[in-house]
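# Architecture and fold: a report
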Amino acid sequence: MSLDSGEAARTDCLRAACAQAGLSVVAVTAASAVADHALYLAWLAAGYAGELTYLHRDAASRQDVRSLLPEARSVVTVALSYHHPFDDGQQPGHGKVARYARGRDYHLVLKARLQALVERLASDLPDSGQPLLSRVCVDTAPLLERSVAAAAGLGFIGKNTLLITPGVGSYTVLGELLLSVTLTPSVALAPRCGDCRLCLDACPTGALAAPFQLDARRCISYLTIENSGEIPVPLRSKLGDWIFGCDLCQSVCPYNVRAQAGDAELVPKAALCSPELTQLLTIGAAQYRQLVKRTALRRINRTSLLRNVAVALGNVGTPEQLPLLGTALLREPALVRQHLAWAVAELSLRHPACASLAAQLLTQALAVETDEPVRAELLSALERLSVLVDSGPGPEHRQATP
Ligand code: B12
Ligand code: SF4
Ligand code: SF4
């Protein structure tokens, strides 16, 4: 039994305030040390974080939620669903953006709702005799959001490492409100994956190294969003048509089949549902800013997006799109040109009738290219095409840069 007679009244008040703030999936836990922190350190030690250096830097802060607000006594954890009806079949020449990023940026939506919740609590919460201190967290704070949410009973952690809320699913984004008052904690749920391993089998890159273990370096989400450099050649063909994030380990999960409908503020924008790839390849800087405005795509710049688009064109591009790849091969930043060279070869290996045009485009590009990594990629592309067409670069191209 709680020693604090006001706790139950505060918790009732919290639930009512959450409903009014548009937060219906809520659970509470005590602000304390995070039991999973040792698992997190083991994950870092295994090298699974790749170049996500901030995860190493902030590792100690994640040990206890009170490092974010020393006065915190409770954590209110919330989930918001973006599960809207989608037709996610593969369309030749088109790319896919992960579902969480197709609508309004969830950071903006969740932060605004949690802020509204703080304001409501400040006026409605029964007086505890102390000023109410609070902190809103959505994604970017050094907080193990899934572990804290699981401890609160907001859901359980699946083998794909996502937090799954029964009845709601895993197509959710998470946020937390740290509060300086005690509240009645909710009950944690036992894991419910059983013998299922659909997500592990569906992951095209083998990023789910084992149940509950994600090697970020192989995850398409990491490769297309967090990585600002080259996408390793052996993984490029496994990216398929994903140009920002990936949903495969969620789309196969039985807990998402009959999940309740997503939040109205997170409905997808038409332009981000199944974008035509060469339209993105020809997008200018101002149009790019407009496209990504107030969406989670703001996390990457135009060059990174075009790099991803190039890889997707290699995987699902059509012969009609090939000439535009050739034009972009002469115009775009080096990182994009490098991936376009790979894409031109891949596209024509899938459509051998395009091979001689492809060889011509690559040879033209090689004649003017000065960047060494791009030249290497152009030469490798011509080499791969040589099985279809006599396109071997002349000796003048193999040697010095022009
Ligand atoms: C870094 C990061 C990534 C990285 C690494 C992901 C990863 N699995 O670690 C990359 C870029 C790959 C990524 C991808 C995605 N992410 Co992300 N990401 C984060 C971030 C910022 C930190 C996660 C982290 O600390 N990872 C380190 C690992 C070790 O921690 P963890 O996955 O939380 O694992 C804990 C538990 O699994 C547990 N644990 C470990 N072993 C075991 C074993 C058992 C048996 C059990 C029960 C538990 C357990 O302990 C771990 C430590 O606390 C969080 C936000 C945050 N601050 O937490 C968002 C977050 C996890 N991402 C989110 C989303 C939406 C995605 C994507 C779906 C986006 C997309 N569609 O492309 C994918 C999903 C990929 C996947 N299968 O996880 C959401 C997840 C929501 C949810 N319902 O789970 C979060 C919470 C952001 C948010 N606020 O909504 N992400
Ligand atoms: S998001 Fe995609 S690449 Fe990453 S673990 Fe899931 S299925 Fe694999
Ligand atoms: S697909 Fe199966 S194993 Fe993977 S998270 Fe869902 S229920 Fe768990």
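Structure first, text after, so check above.
Computed from a prediction, not measured in an experiment: that's the story for all the values here. All residue numbers refer to position in the chain's written sequence, counted from 1. Chains and ligands are labelled by the order in which they are written, letters from A for the one and numbers from 1 for the other. Only residues with pLDDT of 70 or above have their local features reported here, since the model is predicted, and side-chain atom pairs are shown and tallied only from 80 upward, although totals for entire chains, interfaces and linings are computed over all residues. Note that the side-chain values use all heavy atoms of the structure and ignore hydrogens as well as water.

### Focus on the pattern of salt bridges
Every case where a carboxyl oxygen of Asp or Glu lies within 4 Å of a side-chain nitrogen of Lys or Arg is listed as a salt bridge. Enumeration according to the criterion identifies 17 salt bridges in this entry. Ionic pairing is found between R298 and D105, a salt bridge with its closest N-O pair at 2.6 Å. Of the two residues, R298 sits in the loop between α11 (285-292) and α12 (302-316) while D105 sits in the loop between β3 (96-97) and α4 (106-124), which places them 193 residues apart along the sequence. Residue D105 is classed as buried on the basis of its relative accessible area, which comes to 3%. With a shortest N-O distance of 2.9 Å, E226 and R299 are connected by a salt bridge. One end of the pair, E226, is in helix α7 (residues 220-226); the other, R299, is in the loop between α11 and α12, with 73 residues separating them in the sequence. Buried, partly exposed and exposed residues are distinguished by accessible area as a fraction of the type maximum, computed with a 1.4 Å probe on protein chains only: under 20%, between the cut-offs, and over 50%, respectively. For E226, a relative accessible area of 31% translates into the label partly exposed. Secondary structure elements are taken from DSSP: a helix is a run of H or I of four residues or more, a strand is a run of E of two residues or more, and numbering for both begins at the N terminus.

### A word on the site of ligand 2
Here, proximity means that at least one heavy atom of the residue falls within 4 Å of the molecule or strand. Every residue close to ligand 2 is listed here: C203, T205, A207, L208, L214, C219, I220, C246, L248 and C249. Any residue that is not Ala, Val, Leu, Ile, Met, Phe, Trp, Tyr, Cys, Pro, Asp, Glu, Lys or Arg is counted as polar, Gly included; the first ten are nonpolar and the last four charged. Residue composition of the shell around ligand 2, grouped by class: nine nonpolar, one polar and no charged.

### Side note on empty space enclosed by the protein
Empty space among the atoms can be located by rolling a probe the size of a water molecule over them. Within this scheme a cavity is a closed region of a 1 Å grid, computed over the protein atoms alone, that accommodates a 1.4 Å probe without allowing it to escape, whereas a pocket is open but has protein on both sides within 12 Å along at least five of seven lines; lining residues each have an atom within 4 Å of a point. Grid points are joined across faces, edges and corners, and a volume is the space filled by probe spheres set on the points. Applying the stated criterion to the full structure yields one cavity of 30 Å³ or more. In this structure, the largest cavity occupies an estimated 30 Å³ of space. Along the walls of the largest cavity sit V97, I243, A271, L272, P275, L280, L291, L297 and L305, which together make up its complete lining. Here the lining of the largest cavity is built from residues that sort into nine nonpolar, no polar and no charged.

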